[in-house]
Amino acid sequence: MSSTVTPERLTGRAWAVLFVLCGAIFLEGIDVSMMGVALPSIRAELGLTTGELQWIISAYALSYGGFVLLGGRAADLLGRRRMFVGWLVVFLLFSGLGGFASEGWVLILARFVTGIAAAFMTPAGLSIITTTYPEGPQRNKALLVYAGTAAGGFSLGMVTGGLLTAIDWRWVFFAPVVVSAVILAAAVALIPRDTVRAEQEAGFDLAGALTLTGSMLLLVATVVRAPDVPAAQTLVSAAAGLVLLGAFVMIERRVDSPLIRLGLLRNAALIRANLGAILLVGSFVGFQFIAVLYLQELRGWSELETGLALMVIGIDAVLAPTLTPWLVTRFGNGRVVLGGFVLAAFAYTAFLPLGASFAAMLPAFVLLGLAFALAYGPLTIAATERVTEEEQGLASGVLTTSFQFGSALGLAAVAAVLAAGDELTTSGFRAGLAVPLAAAVLGVVVACIPLRERADANS
């Protein structure tokens, strides 16, 4: 792809291309957070159970996480612009399908395919940035703007979701269609065409992507259905998920172009970072699910009131690019991650009394925003440390998979606890909060391991 920048400065066209790509990542962020606020209204109209309701989020997360590595590979081999534009069309169409859904399974299917579209579209957009802007200040500026846009989209989506759901929850699906159409028109006009590849030596590991996604789906389904099915059926489902995971490992060992080079997983720091990512995002998404249902279904708050309340958590969009880099420089990456998990544990504990007023819940929201600001970025750094430059993209893809699987698993665990009761009650919500709290405490333990190892080595 030809560069759209000069070594000295960003041109107007370069900024225009960046705005298009930022529009896509903003769309992804706002799409996810809007959905969370709209869940109670969707449940009321379509008659979904708590277990079925969580699949609206989980289906998207699992397909996204299961196919993102394949998406990055496809962008490299088939063309970044082609993948970005083509899958943006798919995103647009299936988001619209979700808005027309009259049954739960249609909505869940639409979310699953939308997640696949995001899995191919997002790495294509990111790789357009890394191949368009030269390494150094220009690329760093582009990536900071890109990351800040993603965080801003997630925060704004909570309020936007409340506004749109107050009109009709279907607009949570239709609004992304309008935004996608605008981005699509700009992308076709502004993103440079792909250069023709003379030869493609490597292929696609489709079998690996399918077995990985299937394994995650089965494992999450096992957790969701555990309260409602016999123990033997739970064991069979879990065993099937593990068998598919084993098949994935065997495929990765034998194919010429694996999704994941298994040797990369011998990097202990990378494994800890990905485990931390699963725990951080899993606890956060599970908490959001609890908070939305509690505020709307037990306290009777409106969708807009819920979105405005949860927007406080969005302070991470301001703190992550400002406070966190200074803390990492001053105290080191590991200590900042540990501080993030400690604050997350305090946040979930502070929410346990389930106060009726916003003032009572505000400390929990503020602490959670601080926790996310401290832990999210440094975990991303830790996941790519001690990884060769040639495998930085792979390490980033593995981290994205962990984030998405963590969100689905945390949501499934919380939904299973809530579904165990006959109806949603205060005691049931407190039991559900034990899931994110336990995940945060486990995150503290994981974050302490490298600090203890370093202390032992220095003693």
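Residues numbered from 1 in each chain as written. Predicted model: local features only at pLDDT ≥ 70, side-chain atom pairs only at ≥ 80, totals over all residues. Heavy atoms only, no water.

Focus on the overall build of the protein
- The number of helices and strands found in the protein is 16 helices and zero strands.
- The C-alpha atoms of the protein give a radius of gyration of 21 Å, which matches the 23 Å a tight globule of 459 residues would have.
- Once the C-alpha set of the protein is aligned to its principal axes, its extents read approximately 60 × 60 × 45 Å.
- By residue count, 53% of the 459 residues in the protein fall in the buried class.
- Looking at the protein alone, contacts between residues at least 24 apart form 83% of all its contacts between residues at least 6 apart. (Helix = DSSP H or I, 4+ residues; strand = E, 2+ residues; numbered from the N terminus. Rg over C-alpha atoms; globule rule 2.2 N^0.38 Å. Buried < 20%, exposed > 50% of the residue type's maximum accessible area, 1.4 Å probe, protein only. Contact = heavy atoms within 4.5 Å.)

Examining the environment of valine 177
- Within the element layout of this structure, valine 177 appears in helix α6 (residues 171-190).
- Taking the C-alpha atoms as reference points, valine 177 and valine 68, 109 residues apart in sequence, are found 22 Å from one another.
- Those residues in contact with valine 177, other than ones at most four positions away along the chain, are Leu92, Ser95 and Gly96.

Some details on the packing of aromatic side chains
- Following the criterion strictly, the structure yields 17 aromatic pairs and no others.
- Aromatic side chains tryptophan 171 and phenylalanine 174 sit 5.7 Å apart centroid to centroid with 85° between the ring planes, which places their arrangement in the edge-to-face category. Of this pair, tryptophan 171 and phenylalanine 174 are both found in helix α6, three residues apart, which corresponds to roughly one turn of the helix.
- Look at tryptophan 171 and you get partly exposed, because its relative accessible area is 40%.
- Relative to phenylalanine 365, the ring of phenylalanine 358 has its centre 6.5 Å away and its plane inclined at 40°; by these criteria the two rings are tilted.
- By the ring-pair criterion, three or more aromatic residues cluster together here, those being Phe287, Tyr294, Tyr348, Phe351, Phe358, Phe365 and Phe429.
- The aromatic ring of phenylalanine 331 is capped on one face by arginine 330, whose charged end is 4.9 Å from the ring centroid. (Phe/Tyr/Trp six-rings, centres within 6.5 Å; stacked < 30°, edge-to-face > 60°. Lys NZ or Arg CZ within 6 Å of the ring centre and 35° of its normal.)

Details of the environment of glycine 421
- Within the secondary structure, glycine 421 is located in the loop between α15 (392-419) and α16 (426-458).
- Of the residues examined, glycine 421 reaches a relative accessible area of 36% and is grouped as partly exposed.
- Residues glycine 421 and tyrosine 348, 73 residues apart in the sequence, show an inter-C-alpha distance of 21 Å.

Considerations on the confidence of the model for the protein
- The pLDDT averaged across the protein works out to 85; a share of 91% of its residues lies at or above 70.
- Summarising per-element confidence for the protein, the mean pLDDT is lowest in helix α5 (residues 137-167) (77) and highest in helix α13 (residues 333-351) (95).
- Segment residues 1-8: pLDDT under 50, and 24 contacts once partners within four positions in sequence are set aside and those in other chains are kept. (pLDDT = per-residue confidence, 0-100.)

Here's the deal with the packing of helix α1 (residues 12-46) against helix α2 (residues 50-78)
- Relative to each other, α1 and α2 sit at 165°, their axes nearing to 9 Å. Considered as vectors, α1 and α2 are oriented roughly antiparallel to each other. Crossing angle aside, the handedness with which α1 passes α2 is right-handed. Facing Glu28, Asp31, Val32, Met35, Gly36, Leu39, Ile42 and Arg43 of α1, the residues of α2 in contact are Thr50, Leu53, Ile56, Ile57, Tyr60 and Tyr64.
- Taken together, the residues of the contact of α1 with α2 sort by class into nine nonpolar, two polar and three charged. (Axes fitted to C-alpha atoms, helices over the stretch in contact; angles between N-to-C directions. Parallel < 35°, antiparallel > 145°, perpendicular 65-115°, else oblique. Left-handed = near helix turned anticlockwise from the far one by under 90°. Nonpolar A, V, L, I, M, F, W, Y, C, P; charged D, E, K, R; others polar.)

Thoughts on the side chain of threonine 234
- Position of threonine 234 relative to the elements: it lies in helix α8 (residues 231-254).
- Under the relative-accessibility criterion, threonine 234 is labelled buried at 19%.
- If near-sequence neighbours (up to four positions away) are discounted, threonine 234 is found in contact with Thr222, Ala226 and Val229.

What about α1?
- For α1, spanning 35 residues, the distance from its first C-alpha to its last is 47 Å, which sits close to the expected 51 Å at 1.5 Å a residue.
- The buried fraction of α1 is high, at 27 of 35 residues.
- Backbone geometry just after α1 places glycine 47 at a positive phi near 70°. (Expected span 1.5 Å × (residues − 1).)

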